[in-house]
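Each chain is listed here by its residues.
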Amino acid sequence: MTPPLRRQTTNYRLARNSEFCDPLGRKYWTIQGSSLDTRCDHLATFCDPPGQNPGETLGSLAPRPPGAILKDVIEVNGLGKKYGSRWILRDLTFSLSAGDCLIVTGKNGAGKSTLLKVLSGLERPTAGTVKTETTNYRTELSYCALEQATFANLTVAEHLELAAKIRGIETDDKKTILECGLEEHKDVQSQYLSSGLRSRLKIALAIQSRPKILLWDEPGVALDGAGKVLIERVIGEQKQRGLLVIATNDPDERRFGTHEIELA
Amino acid sequence: MKSNWHSWQTEIYAVFQKEWRSESRSLSGIMTTALLCLVSVVIVNSITWTTSINPMIASGMYWMILVFSASISLPRTFLQEEDSRTADFWRLMARPEAVYWGKALFNIAQMLLATTLMSIAFLVIVKVHVENVGLFIAMAFAGAVSIASTVTLAGAIASPASSRYALSTAISAPLLIFLINLGVTGTATSLGEFLKSGENGAIGMIAYAFATCSIGPVVYSKIWKG
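To keep things clear, this report deals only with the structure shown in the data block. (Residues numbered from 1 in each chain as written. Chains lettered and ligands numbered in written order. Predicted model: local features only at pLDDT ≥ 70, side-chain atom pairs only at ≥ 80, totals over all residues. Heavy atoms only, no water.)

Let us look at the overall build of chain B. The number of helices and strands found in chain B is nine helices and zero strands. The linear arrangement of helices and strands in chain B, starting from the amino end, is α-α-α-α-α-α-α-α-α. Over its C-alpha atoms chain B spans a radius of gyration of 18 Å, differing by no more than 12% from the 17 Å that the globule rule assigns to 226 residues. For the C-alpha atoms alone, the extent of chain B along its principal axes is close to 60 × 30 × 30 Å. Evaluated residue by residue, chain B yields a buried proportion of 54% over its 226 residues. The contacts of chain B with a sequence gap of at least 6 include a subset with a gap of at least 24, amounting to 85%. For chain B, the computed accessible surface area is about 10100 Å², with 70% contributed by carbon and sulfur atoms. Looking at chain B, you have 14 positive and 11 negative side-chain charges, and the mean spots of the two groups are 7 Å apart. (Helix = DSSP H or I, 4+ residues; strand = E, 2+ residues; numbered from the N terminus. Rg over C-alpha atoms; globule rule 2.2 N^0.38 Å. Buried < 20%, exposed > 50% of the residue type's maximum accessible area, 1.4 Å probe, protein only. Contact = heavy atoms within 4.5 Å. Areas by Shrake-Rupley, 256 points an atom, 1.4 Å probe, with all protein chains shown as cover. Lys, Arg positive; Asp, Glu negative; His and termini not counted. Charge placed at Lys NZ, Arg CZ, Asp CG, Glu CD.)

Residues and elements named next belong to chain B. Where helix 7 (residues 133-158) meets helix 8 (residues 164-190), the closest approach of the two axes is 8 Å, and the angle between their N-to-C directions is 170°. On the basis of the axis angle, helix 7 is roughly antiparallel to helix 8. Taken as a pair, helix 7 and helix 8 cross one another with a handedness that is right-handed. Of the residues in the contact of helix 7 with helix 8, the class split is 14 nonpolar, 10 polar and one charged. (Axes fitted to C-alpha atoms, helices over the stretch in contact; angles between N-to-C directions. Parallel < 35°, antiparallel > 145°, perpendicular 65-115°, else oblique. Left-handed = near helix turned anticlockwise from the far one by under 90°. Nonpolar A, V, L, I, M, F, W, Y, C, P; charged D, E, K, R; others polar.)

Bringing the interface of chain B and chain A into the picture now. Tallying the contact residues gives 27 residues for chain B and 28 residues for chain A. Together, the buried faces of chain B and chain A total about 2600 Å²; carbon and sulfur atoms form 59% of this surface. The interface formed by chain B and chain A contains four salt bridges. Where the side of chain B that touches chain A is concerned, the elements lending two or more residues are helix 1 (4-26) and helix 5 (87-93) of chain B. Ranked by residue count, the leading element in the side of chain B that touches chain A is helix 1 of chain B, at 11 residues. Of the residues that constitute the side of chain B that touches chain A, the class distribution is nine nonpolar, seven polar and 11 charged. (Buried area = accessible area lost by both parts, 1.4 Å probe. Salt bridge = Lys/Arg side-chain N within 4 Å of Asp/Glu carboxyl O.)

Time to look at the packing of helix 6 (residues 195-207) of chain A against helix 7 (residues 225-241) of chain A. Helix-helix packing: each pair is described by the crossing angle between the helix axes and the interaxial distance. Residues and elements named next belong to chain A. In the contact formed by helix 6 and helix 7, the axes pass within 12 Å of each other and the chain directions differ by 15°. Relative to helix 7, the element helix 6 is oriented roughly parallel. Considering only the axes of helix 6 and helix 7, their crossing is left-handed. Touching Arg200, Ile203 and Ile207 of helix 6 are Ala226, Gly227, Leu230 and Val234, all from helix 7. When its residues are assigned to classes, the contact of helix 6 with helix 7 shows five nonpolar, one polar and one charged.

Once that is clear, we can look at unusual backbone geometry. With a phi angle near 50°, Arg210 of chain A is a residue other than glycine that sits in the positive phi range. Following the sequence through the fold, Arg210 of chain A ends up in the loop between helix 6 and strand 9 (213-217). Residue classification places Arg210 of chain A among the partly exposed positions, given a relative accessible area of 27%. The backbone of Arg85 of chain B shows a phi angle near 55°, a positive value even though the residue is not glycine. With respect to the helices, strands and loops of the structure, Arg85 of chain B is situated in the loop between helix 4 (76-83) and helix 5.

Attention shifts here to a nonpolar patch on the surface. Among the surface-exposed residues, Leu27, Met31 and Leu35 of chain B lie close enough to one another that they form a single nonpolar patch of about 280 Å² accessible area. Mapped onto the fold, Met31 of chain B is located in helix 2 (residues 28-47). (Patch = residues over 30% accessible without salt bridge, like charges linked within 9 Å, V, L, I, M, F, W, Y side chains within 5 Å.)

Quick look at the pairing of strand 6 (residues 101-106) of chain A now. Residues and elements named next belong to chain A. Counted residue by residue, strand 6 has six buried out of six residues, so it is predominantly covered. The alternating pattern of strand 6 places Cys101, Ile103 and Thr105 on one face and Leu102, Val104 and Gly106 on the opposite face, and all of these are buried. The sheet contact formed by strand 6 and strand 10 (residues 243-247) spans four bridges and is parallel. Residue Ile103 lies in a different strand from strand 10, and its bridge partner there is Ile246. (Pairing = 2+ DSSP bridges.)

Following this line, the structure appears as structure tokens:
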């Protein structure tokens, strides 16, 4: 069943310069007076009417009272990311809570994948803050990246075994393998898998820990019809468990979103 | 709930096991090291075929072969992750210290194996007589551990850089010069050269390995991108 849509499309515009966040400065490493690690294991929320002042800021997606403490929240506040002299993301502000599915759209090079990398902690923001309410990012946040590779010489089952051990969790890998349609290929090395099966392996790795936050870059790439069904099921389950942020331009995937932003 | 110590053990062993599995299936690292060692030993033998080689020269050649073989093959454990775009796998799921320790232990194991094979080949092919077998073995063991830990540290530091292979060599070169000096002195003593500080070489190398193994995880966690 298709989830009810409460889509809100907001045109993201390049906005006013955010204050530069110097990595060597105290402000980069602290937030609201508390020590902050690179994953920003924090919480927060805020509001800002969407799109009222074009050119100023991106509207919040879920207006809430300032300072309210919510469960399973991502808060992005004045986020900017610059590569060289080019701003990829600028003054991006929104917040998400449990059950939300944010669809990030935009043309190639707009910054969809960059946004997911920043949210996952793989890239540090040039400006602004990202806060997630997670106590253990290794198990509660998963990022299924388009360009992430798998270990060529490890089998499907060994990938899941390795991931469980380094995450420090005990999981039912047989169930995960079954869910992702990899039972026939569990003893095959990653280098001999097709790109579709490798995508399924990446999905298996992402959902293995049953994360609160799932970041997903172009879910449907290389997947067949059964793979699309898998995506739908994973998205449905993730909405029950936490929230998703999906970077895609595929209309079939956009329909799962509860919110949508377009990067320009 | 797993204890913290058990959790660390599990994570470090998982990284080590991953490296071992990958290496046992591709054999790329150990083959690179073994081939470099063998070719170097054969070259040394062909150069010194008609002349007797004194302990100091033999020791110098022995350590040059070990160091250059190690500095080419060992940093790959870190550098290759960036090339094959699997580094994010670790950054998303693992603790940097566990990744460092797992890879460092694998490199030490690989270097011990390579050193054993290279030492046998060196003694047999070059026909060097060992006066003090115990010291020779101690130097080889200490050398393998200290070289592996030093080169691992250099690889870990260089891994986020764009020109990581060149940087890794540039970082490891000055660190290894001190080790070569200790190693040459100790091994020359074991081969019959009378040097007062010979035995201290093994102790110095173990101390060096201890230092690099101690600071390695700390440095790596500071440059960890995740």
